[in-house]
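Take a look at the letters that make up each chain.
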Amino acid sequence: MSRETLRVFFALELPSEARERAAKAAQALRAGVPRGVRWVPPENLHLTLKFLGDVDAAQVPRLIGRAEAKLWPVPPFEVELAGLGALPSVRSARVLWLGVRKGNREMARIARKLDAAAASIGVERERRPFQAHLTLGRLRPPARVALERLEAPRGIAFGVEEVILYESRLSPDGARYIPLARLPLMQVEDAEAREFAPEI
Ligand code: 2AM
């Protein structure tokens, strides 16, 4: 009997204004990078915190519970996107990204917690250091990108109040990301108020 699996990852969603501005920044790059870049469609722009890959669908509720417990009580925070980069290098770029100027430390902290939650359902732990980035496009084969000639966007800022578990459905038309759970970030006082609120 084959088990149902879901391809999942945790990420931050961009509010629509930030998403539009990031998409515009990507548009502005087109003139300066080689053709053949597969640009992330605006609706798919997100900030990945932890990619799990295929997990047993029956484990997903447990994963959500563990992640919620680990995230308690991480408070909401601010993210500011700024700067351009390429991975693994500008000489041979596979990924073009927008950097995270503010909110890096919080994202790395959350990524560690989600990594631990994922490990608790048997997902291999991340060995590479976390590097917050917003993927704008992917290059195949890798190519040189003259980032120094491109104008880096600045000041795309927004507040983060939840972490989202997404399912990634792959198809020949590209990936579709479906939110499976929204995990709220909470101020300690709010978390305590919720914890001790009488049931009515
Ligand atoms: P990145 O583009 O921000 O680097 C959903 O597929 C997200 O999970 C992608 O945006 C990608 O993040 C991240 N991811 C990390 N490892 C991955 C892998 N091995 N395969 C696909 N996506 C991966």
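The rules behind each value
Residues numbered from 1 in each chain as written. Predicted model: local features only at pLDDT ≥ 70, side-chain atom pairs only at ≥ 80, totals over all residues. Heavy atoms only, no water. Near = heavy atom within 4 Å. Polar contact = N/O pair within 3.5 Å; in protein donor to acceptor, adjacent residues only side chain to side chain. Areas by Shrake-Rupley, 256 points an atom, 1.4 Å probe, with all protein chains shown as cover. Nonpolar A, V, L, I, M, F, W, Y, C, P; charged D, E, K, R; others polar. Pairing = 2+ DSSP bridges. Helix = DSSP H or I, 4+ residues; strand = E, 2+ residues; numbered from the N terminus. Axes fitted to C-alpha atoms, helices over the stretch in contact; angles between N-to-C directions. Left-handed = near helix turned anticlockwise from the far one by under 90°. Contact = heavy atoms within 4.5 Å. Buried < 20%, exposed > 50% of the residue type's maximum accessible area, 1.4 Å probe, protein only. Phe/Tyr/Trp six-rings, centres within 6.5 Å; stacked < 30°, edge-to-face > 60°. Core = buried A, V, L, I, M, F, W, Y, C linked by side-chain atoms within 4.5 Å.

(A) Seen up close, the site of the ligand. Every residue near the ligand is listed here: Arg-7, Phe-9, His-46, Thr-48, Phe-51, His-133, Thr-135, Arg-138 and Tyr-177. Here an oxygen atom of the ligand sits 2.7 Å away from a polar atom, N or O, in the side chain of Thr-135. With respect to the ligand, the side chain of Arg-138 contributes an N or O atom lying 2.6 Å from an oxygen atom. Protein contact buries 68% of the 460 Å² of open area that the ligand shows by itself. In terms of residue class, the shell around the ligand is made up of three nonpolar, four polar and two charged.

(B) Main features of the sheet that holds strand 9 (residues 174-184). Strand order in the open sheet formed by four strands is 3-1-8-9, and the pairing between neighbours is antiparallel. The open sheet has two edge strands with one neighbour each: strand 3 (46-56) and strand 9. Ignoring strand direction, the axes of neighbouring strands in this sheet form an average angle of 30°. Bridge analysis of strand 1 (residues 5-13) against strand 8 (residues 162-171) gives four bridges, and the strand direction is antiparallel. By the bridge assignment for strand 8, Phe-9 is matched with Tyr-166.

(C) Expanded view of the packing of helix 2 (residues 60-71) against helix 3 (residues 104-119). Here helix 2 crosses helix 3 at 145°, and the two axes come no closer than 9 Å. Helix 3 is crossed by helix 2, and the crossing has right-handed handedness. The residues of helix 3 that touch helix 2, namely those facing Leu-63, Arg-66, Ala-67, Lys-70 and Leu-71, are Ile-110, Lys-113, Leu-114, Ala-116, Ala-117 and Ala-118. Per-class residue counts for the contact of helix 2 with helix 3 are eight nonpolar, no polar and three charged.

(D) View of the environment of Phe-130. Counting through the fold element by element, Phe-130 comes out in the loop between helix 3 and strand 6 (133-143). By relative accessible area, which is 30% here, Phe-130 ends up partly exposed. The contacts of Phe-130, once residues within four sequence positions are left out, are Thr-48, Leu-49, Met-107, Ala-108 and Ala-111.

(E) Just the sheet that holds strand 5 (residues 93-102), in detail. The five strands lie next to each other as 2-6-5-4-7, forming an open sheet whose pairing is antiparallel. Unpaired on one side and paired on the other, strand 2 (37-39) and strand 7 (156-160) mark the two borders of the sheet. Put simply, the sheet's adjacent strands are angled 30° from each other on average, direction ignored. By the bridge criterion, seven bridges tie strand 4 (residues 77-88) to strand 5 in an arrangement that is antiparallel. Within strand 5, the position partnered with Leu-84 by the bridge is Leu-98.

(F) Highlighting the packing of aromatic side chains. Tallied over the full model, the rule gives three aromatic pairs. Between Phe-9 and Tyr-166, the aromatic rings sit 5.4 Å apart at their centres with planes inclined by 20°, giving stacked as the arrangement. Note that Phe-9 is positioned in strand 1 and Tyr-166 in strand 8, a separation of 157 residues in sequence. When its relative accessible area of 4% is taken as the criterion, Phe-9 is described as buried. In this structure an aromatic cluster arises from ring pairing among Phe-9, Tyr-166 and Tyr-177.

(G) Fine view of the nonpolar core. Judged by nonpolar contacts, the single largest core of 57 residues is most densely connected at Phe-10, Leu-47, Val-79, Leu-81 and Val-163. When sequence neighbours within four positions are dropped, the list of residues in contact with Val-163 reads Phe-10, Ala-11, Leu-12, Leu-49, Leu-71, Ile-110, Leu-114, Ala-181, Arg-182, Leu-183 and Leu-185.

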